[in-house]
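# Descriptive analysis of the structure
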Amino acid sequence: MLARARRAGVHAQVVPAIALSGFEKLRALCVAEPTLHAAYGLHPLYLREHRPEHLDALRDWIERERPVAVGECGLDFYVDGLDAGMQRNYLRRQLELAKEFELPVILHARRAVDEITAVLRIIGGLRGVVHSFSGSIEQARQLWKMGFLLGFGGPITYERARRLRAIVAAMPLEFLLLETDSPDQPLHGHQGQRNEPALLAQVCAAIASLRTADVETVAEATSANCRRLFGF
Ligand SMILES: [Zn+2]
């Protein structure tokens, strides 16, 4: 999978954690393969796995490992049965950690873009990316005005995603990041398959075509954005 990614021009990857139980495995992976960069965080969809003391453990991991980012963290109000109050608490604590350690945050925001934007504003002094952005152009603008980047992947390859495609076509390139969210979010033409990082090149080509720009222009700009945000 890595060889295919490298052949497709994907030279480095951020691999975000989802729960404390996977941190050790992720660390070992990124030590073995230095082109992979770990981010540590407690993902809202795995809320039932998290315990308050995992936030203390996360703090230790961040202090010891100095990851490229804190995340994924965020809010998911799309999936039923995930306590909103608990989600908010885990998010706020992780944002405070990101601020304390001056690290970017990788945010998951599903049906929660306005609330996340408001929390970012209240805490202040943060930077990061809202990955797989799925809001409106106005919500996007609020985020990039605060200096936040927006990540786009497989969903923009579908013609029916008109709102997202219009955002990608018009937004300032300096706030755009490419992602695949592998193994999730398969691209158009790959429905039902496990997604993988090599297909980032197709995300890049789709975005270039929507912007009527060169693939190289989009690749270079988004790579520079990535280096600027994550420091590699
Ligand atoms: Zn996510």
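Residues numbered from 1 in each chain as written. Predicted model: local features only at pLDDT ≥ 70, side-chain atom pairs only at ≥ 80, totals over all residues. Heavy atoms only, no water.

### Focus on the coordination of the zinc ion
- Around the zinc ion, the protein supplies E72 (OE), H108 (ND1) and H131 (NE2) as donor atoms, at distances of 2.0 to 2.2 Å.
- Site description for the zinc ion: donor spacing in sequence, E-x35-H-x22-H. With H108 in strand β4 (residues 105–110) and H131 in strand β5 (residues 128–131), this residue pair connects regions lying 23 residues apart in the sequence.
- Under the relative-accessibility criterion, H108 is labelled buried at 9%.
- On the accessibility criterion, H131 (9% relative accessible area) is buried. (Donors = N, O, S within 2.8 Å, 3.2 Å for Na, K, Ca; no water. Helix = DSSP H or I, 4+ residues; strand = E, 2+ residues; numbered from the N terminus. Buried < 20%, exposed > 50% of the residue type's maximum accessible area, 1.4 Å probe, protein only.)

### Looking at the packing of helix α3 (residues 52–65) against helix α4 (residues 84–100)
- For the pair α3 and α4, the least separation of the axes is 11 Å and the interaxial angle reads 20 degrees. Looking at the two axes, α3 sits roughly parallel to α4. Where α3 crosses over α4, the two elements pack in a sense that is right-handed. Each of P52, L55, D56, L58, R59 and I62 in α3 lies in contact with α4, whose residues at this interface are Y90, R93, Q94, L97 and E100.
- Counted by class, the contact of α3 with α4 contains six nonpolar, one polar and four charged residues. (Axes fitted to C-alpha atoms, helices over the stretch in contact; angles between N-to-C directions. Parallel < 35°, antiparallel > 145°, perpendicular 65-115°, else oblique. Left-handed = near helix turned anticlockwise from the far one by under 90°. Contact = heavy atoms within 4.5 Å. Nonpolar A, V, L, I, M, F, W, Y, C, P; charged D, E, K, R; others polar.)

### Some points on the pairing of β5
- Where burial is concerned, the two faces of β5 agree: the one with G128 and V130 and the one with V129 and H131 are both buried.
- Pairing of β4 with β5, which is carried by four bridges, proceeds in the parallel orientation. Bridged to L107 within β5 is V130.
- Each parallel crossover has a hand, and the one from β4 via helix α5 (residues 113–123) to β5 is right-handed.
- Sheet topology note: the β5/strand β6 (residues 149–152) ladder contains two bridges and is parallel. Paired with V129 across the bridge in β6 is L149.
- Regarding topology, helix α6 (residues 137–145) serves as the crossover connection from β5 to the parallel β6, and that connection is right-handed. (Pairing = 2+ DSSP bridges. Right-handed = clockwise from strand over helix to strand, strands pointing away.)

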